[in-house]
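Okay, here's what each chain looks like letter by letter:
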Amino acid sequence: MMKEIKNSVLVMLTVIMTFVSITGCGQAVKENDAVEEESDAIQIGFSMDSFLIERWQRDRDIFVSKAQELGAEVNVQNANGEVSRQISQIEYFIEKDMDVIVIVAIDGGALSEVVEKAKKAGIRVIAYDRLILDADVDLYISFDNEKVGTLMGECLREALGDEGEIICINGSPTDNNVTLVFGGFQKALQGSDIDIDRTGYADHWLAEIGFEFVSEYLAEGKVPDAIMCGNDDIASQVVKALSENRLAGQIYVTGQDADLAACQRIVEGTQYMTVYKPLELLAQRAAEMAVAMAKGEMPETESVLNDGTYDVPFEKLDPVAVTKENMDEVIIGKYHQKNEVYLNVQGQE
C-alpha cells in the first residue's frame, strides 16, 4: 500500500515539474518575442518637465496615442521639475538607443551637453514646446509664443482703453518661452499709456508665487487695473488673492493654456481672458514628425528660430485669444464641454 502511494506521489511530482517547465519555457519565449517586437518598432523617448500643470498630461496622452497609431512605442519619463533628473533620463534614452528623443525642457539653458551626446549617438532630438538653447536640436515645435504675449497685451489694451497701471507675473525664468511671451506682451503695449508697475517670476512655474506676489502688492495699498499672468495656473492663485481682498471680477486678469478652471473663471467674470493653444494639433504633429525623423526623413518647416548659437527648424503653430465673447466658438465642443465650462454659472444650458 505504502509503495503504491509513493509511486502515485512520484507520478504527480513528475507531472507538476513537467508542467512548470513547459510553462516557464512558454513565458521565456513570450518575453523574448516581446523584446524582439520592441526592437523592431520605432522607439521614442519623451522626457517631460512635470505633470503639475494640467495641460502636460493632455500633451502626453495625445502624443503617445498618435505615435502608437503610427507604429511607434513611447517611453515617457517625468522629471518632476528636477533638471538633474531630466538629464539622467535623457542619458538613459541614449543608452537605450532610442530613435528619437522628445524633450519638454525644465531649463532651456542646461541641456546643451546632453543633447550633444544624443546627436553624437545618431539620435534625433526634438524640443517640444520649449526651446533648448545653444543645442542645435533637430526640430523645435511649439506655438508662436511671442504672439501669445501679443494677444494678452492687445486684449488688455482694448479692455483698459489704452491707459492704466498693471503688474505682471511671468512663468519660470529658465523657460525660454517666458522671455518670448513677455517680449510680445511689451511690444503690444507700445504706444499706449499702460504702465507696468511691477514684474515678477514664478520659479519652476509654482502658481503659489502668484498669490504671494499679488497679496504683497495689495498689502502696500496699491490696486492695479490689470494683472498679466504667465499661465492659467498662476492666474488661479492671483484670482484667489483678489477674492480674499474682495477684488475678484474688478481687475482684468490674463492667462494662457485655456485650462478648464480658467474657462470657468472667464464665464464667471473673475478672469478676463486666456490664450488657447490647440494642444491636440501640437502633440499630434510632434508625433508625426518624430516618426518621420526616425525613418530618416526630415519634415520641412516654414520657420527657423535661433537658439542663441544655431538656427533651428521651427514648426510654429498659431494661438487664439479667448474671452467670454468667443468662448463658445473657440472652446466649447473642441477643447472643453459646455456643461463643464458653465458649471458654476446659473441659467446656462
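Asks: Before we move on, could you go through the sheet that holds strand β4 (residues 124-128) and cite the residues and values that matter?
Replies: Within the open sheet, the seven strands sit side by side as β2-β1-β3-β4-β5-β12-β11. Their pairing is mixed. Sheet topology places β2 (72-78) and β11 (303-306) at the edges, where each strand pairs with a single neighbour. Within the sheet, the average angular offset between the axes of one strand and its neighbour, ignoring direction, is 25°. Sitting on the sheet, helix α10 (residues 279-294) is in contact with β1 (42-48), β2, β3 (100-103), β4, β5 (139-143) and β12 (311-317), with an inclination near 170° to β5.

Asks: Can you break down the packing of aromatic side chains residue by residue, with the values?
Replies: All told, the structure shown has seven aromatic pairs when counted by the stated rule. Measuring from centroid to centroid gives 6.4 Å for phenylalanine 182 and phenylalanine 185, while their planes differ by 15°, and the two rings are stacked. Separated by three residues within a single helix, phenylalanine 182 and phenylalanine 185 lie in helix α6 (residues 176-189), roughly one turn from each other. Phenylalanine 185 matches phenylalanine 182 in its accessibility class, with the two residues each being buried. Residues tyrosine 252 and tyrosine 272 carry aromatic rings whose centres are separated by 5.0 Å and whose planes lie at 80° to one another, so their mutual orientation is edge-to-face. With tyrosine 252 in strand β9 (residues 252-254) and tyrosine 272 in the loop between α9 (260-268) and β10 (274-276), this residue pair connects regions lying 20 residues apart in the sequence. By relative accessible area, which is 22% here, tyrosine 272 ends up partly exposed. The rings of Phe46, Phe63 and Tyr128 are connected pair by pair, giving a single aromatic cluster. The ring of tryptophan 56 carries arginine 55 above its face, with NZ or CZ at 4.0 Å from the centroid.

Parameters and conventions
- Residues numbered from 1 in each chain as written.
- Predicted model: local features only at pLDDT ≥ 70, side-chain atom pairs only at ≥ 80, totals over all residues.
- Heavy atoms only, no water.
- Pairing = 2+ DSSP bridges.
- Helix = DSSP H or I, 4+ residues; strand = E, 2+ residues; numbered from the N terminus.
- Axes fitted to C-alpha atoms, helices over the stretch in contact; angles between N-to-C directions.
- Contact = heavy atoms within 4.5 Å.
- Phe/Tyr/Trp six-rings, centres within 6.5 Å; stacked < 30°, edge-to-face > 60°.
- Buried < 20%, exposed > 50% of the residue type's maximum accessible area, 1.4 Å probe, protein only.
- Lys NZ or Arg CZ within 6 Å of the ring centre and 35° of its normal.

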